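Structural features, examined
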Amino acid sequence: MAKKVMVVDDEPDLCETVKLLLEGKGFETVAAQSGAEALKKLKEERVDLVLIDFFMPEMTGRALAAEIRADQKLKDLKLAFLTVALFGEVGEEDLRELGILDYIQKPFDNEDLVRRVKKMVGE
Amino acid sequence: MTERTVELASRELKEKVKELKRAYEELKALDRMKDEFLAMTAHELKTPLTPMLSLVRQMLDRNLGKLNEKQEKALRIVSRGAERLGSSIEKILEISKLESGRVELNKEKIQLAPLIQDVTEQMKPLARLKKITLTQRMTKLPPVEADGRRMATVLTNLIENAVKFSPEGGKVTVEAKQRGNKILVQVRDKGVSIAKKDFPKLFTKFFQVNHTRPGAGLGLNICKWLVEAHGGKIWCESKLGKGSTFSFTLPVKR
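Residues numbered from 1 in each chain as written. Chains lettered and ligands numbered in written order. Predicted model: local features only at pLDDT ≥ 70, side-chain atom pairs only at ≥ 80, totals over all residues. Heavy atoms only, no water.

1. Describing the confidence of the model for chain B
Regions with low pLDDT carry predicted coordinates that are not meant to be interpreted in detail. The condition that has to hold: As a per-residue measure, pLDDT reflects the predictor's confidence and takes values from 0 up to 100.
With 96% of its residues at a pLDDT of 70 or more, chain B shows a mean pLDDT of 87. For this predicted complex, the interface confidence comes out at an ipTM of 0.85, alongside a pTM of 0.68.

2. Looking at unusual backbone geometry
Stated precisely, the cut-off is as follows: Helix and strand definitions follow DSSP, with helices as H or I runs of at least four residues and strands as E runs of at least two, each counted in order from the N terminus.
Looking along the chain, the bond that leaves A:K106 and enters A:P107 is cis, with omega of -5°. In this structure, A:P107 sits in the loop between β5 (100-105) and α6 (110-121). Of note, A:E58 is a non-glycine position whose phi angle comes to about 65°, a positive value. Counting through the fold element by element, A:E58 comes out in the loop between β3 (49-52) and α3 (61-70). Phi at B:K131 takes a positive value of approximately 55°, unusual for a residue other than glycine.

3. Quick look at the packing of helix α2 (residues 35-44) of chain A against α3(A)
Residue and element names in this part refer to chain A. Threshold: Fitted lines through C-alpha atoms serve as axes, helices being fitted only where they are in contact, and the angles separating the N-to-C directions of these axes extend from 0 to 180 degrees. Angles are sorted into four bins: roughly parallel if under 35 degrees, roughly antiparallel if over 145, roughly perpendicular if 65 to 115, and oblique for all others. Handedness of each helix crossing follows the sense of rotation of the near helix against the far helix: counterclockwise by less than a right angle gives left-handed, clockwise gives right-handed. Contact between two residues is taken to exist if any of their heavy atoms lie within 4.5 Å; hydrogens are not considered. Under the scheme applied here, ten amino acids are nonpolar (Ala, Val, Leu, Ile, Met, Phe, Trp, Tyr, Cys and Pro), four are charged (Asp, Glu, Lys and Arg), and all others, including Gly, are polar.
The geometry of α2 relative to α3 is characterised by a closest axis approach of 10 Å and an angle of 25° between their N-to-C directions. Judged by the angle between their axes, α2 and α3 are roughly parallel. Considering the relative orientation of α2 and α3, their crossing is right-handed. On α3, the residues that touch G35, A38, L39 and L42 of α2 are L64, E67 and I68. Its residues placed into classes, the contact of α2 with α3 shows five nonpolar, one polar and one charged.

4. Quick word on the side chain of B:D189
Residue and element names in this part refer to chain B. The line we're drawing: Relative accessibility decides the category of a residue: with a 1.4 Å probe and only protein chains considered, values under 20% of the type maximum give buried, values over 50% give exposed, and everything between is partly exposed. Two residue types count as positive, namely Lys and Arg, and two as negative, namely Asp and Glu; His and chain ends fall outside the count. The term salt bridge refers to a pairing of a side-chain nitrogen on Lys or Arg with a carboxyl oxygen on Asp or Glu at a separation within 4 Å. The definition of a polar contact used here is a pair of N or O atoms within 3.5 Å, where within protein one atom must be able to donate a hydrogen and the other to accept one, and adjacent residues in sequence count solely through side-chain atom pairs.
Examined against the element boundaries, D189 turns out to sit in strand β5 (residues 182-189). Here D189 sits buried without a salt bridge, and the closest side chain of opposite charge, K190, lies 8.3 Å off (N-O distance). A polar contact of 2.8 Å, which involves the side chain of D189, links it to the backbone nitrogen of G191. When sequence neighbours within four positions are dropped, the list of residues in contact with D189 reads A162, S166, K171, V172, K242, G243 and S244.

Right, dumping it as C-alpha cells:
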C-alpha cells in the first residue's frame, strides 16, 4: 500500500508542488493550508508522515507539532519541518522535544526531499 | 581649574555619555531592523522560488509528462535563471550573516577527503553542462577542526567559479594535500587568467573579474570570511593563458 504524506503549508502553490513531486514517486498525498485544517484532516484519515511549514499565520508549525504531540490519537505521528526557516530559528531543542524527524530547507532539491521522505516513512 | 570649570566639564561629559547611549540604542534598533529585514527577505524570496525550482526540475525529469525539444530548451533556460536567483539569495543572506558577526561555526573534527568528494560529485552536473572534466586528487589527509557545512560552501563556491570561467570542454581539478601542520586545498582551472593587480580585490565584496559572466561577486568574499574564521588563508595564482588556481589552507586538528 502506498504511503500517505500530508503537506501543511499556508502557500497553496507549495502544497501543490510537493504533492505533484511525491505523487509522481508513488506516494499518496493530502494537503492542508493551516494548522487547524491539518488537525481536522488528521482525525479523519490515516497518514504516515506530516511535512510542516514552520512559519504559518495563526497556528505556527511549532504550535501544530505541539498540538499533535499532545493529542492521544495523533501523538505518535511522524513529523518533519519543511521550511525556509534557518536551523537557528527553529532551534535544535525544539526539534528534539517535539520529536521532529527531519528539518528540510526550502528551496529543496527534489531528489533529496524524496529520499528523506522515503527514509522517514521507512521505504 | 576652578570649581565652576569642573562643574561645566562634568555636565558636558554627562551630556556626551547620554548622547553615546542614545546613539548606541539607535544602532541596536537599526541592527534589529536589519535582522528583521533579512528574515523577511529570506522568506519572501525563497517562498515563491521553491515551487519554481521544484516544478521546472520535475518537468525536466519528465515527472509531469513528456516534453518536446523546444519545451525542454525553454525549461532549461528557466531552470538556470531560477537556480542563479536561488544562489544569489543564499549568498546575500550568508554575507549579511557573516558581516553581522552572528555566525556561529559548528566546528568539529572532520575528514576533508569525503567532504571534497561529495562536493565534487554534486558539482559534476554543472560541469557536464559545459562538458568540463571535474576531477579530484587527494593524498591521505589528517582530520581538521571545521564546520563541515561551511567548508562545503567554500568548496562549492570555488568549483562553481572555476567551472564558470572555464571554456567548454575544459578541465577543473580539486587537489588536497598535507603541508606541515596545514591542509592545502587547491581548485585549478584552465580558464580565464586574472591580472596580478586584481588579486587583492578578488576577495572583496561585489568584485567581478569579468562582467560578462553572471554572478553577484559575493562567492569569493564568503570564502575568505569562512576560511579565515577557521584560522586558514585563501589566495589566488594565475598565469596568462594558463588559467587560475585558488588555494586555501586549514590547520590540522592537533
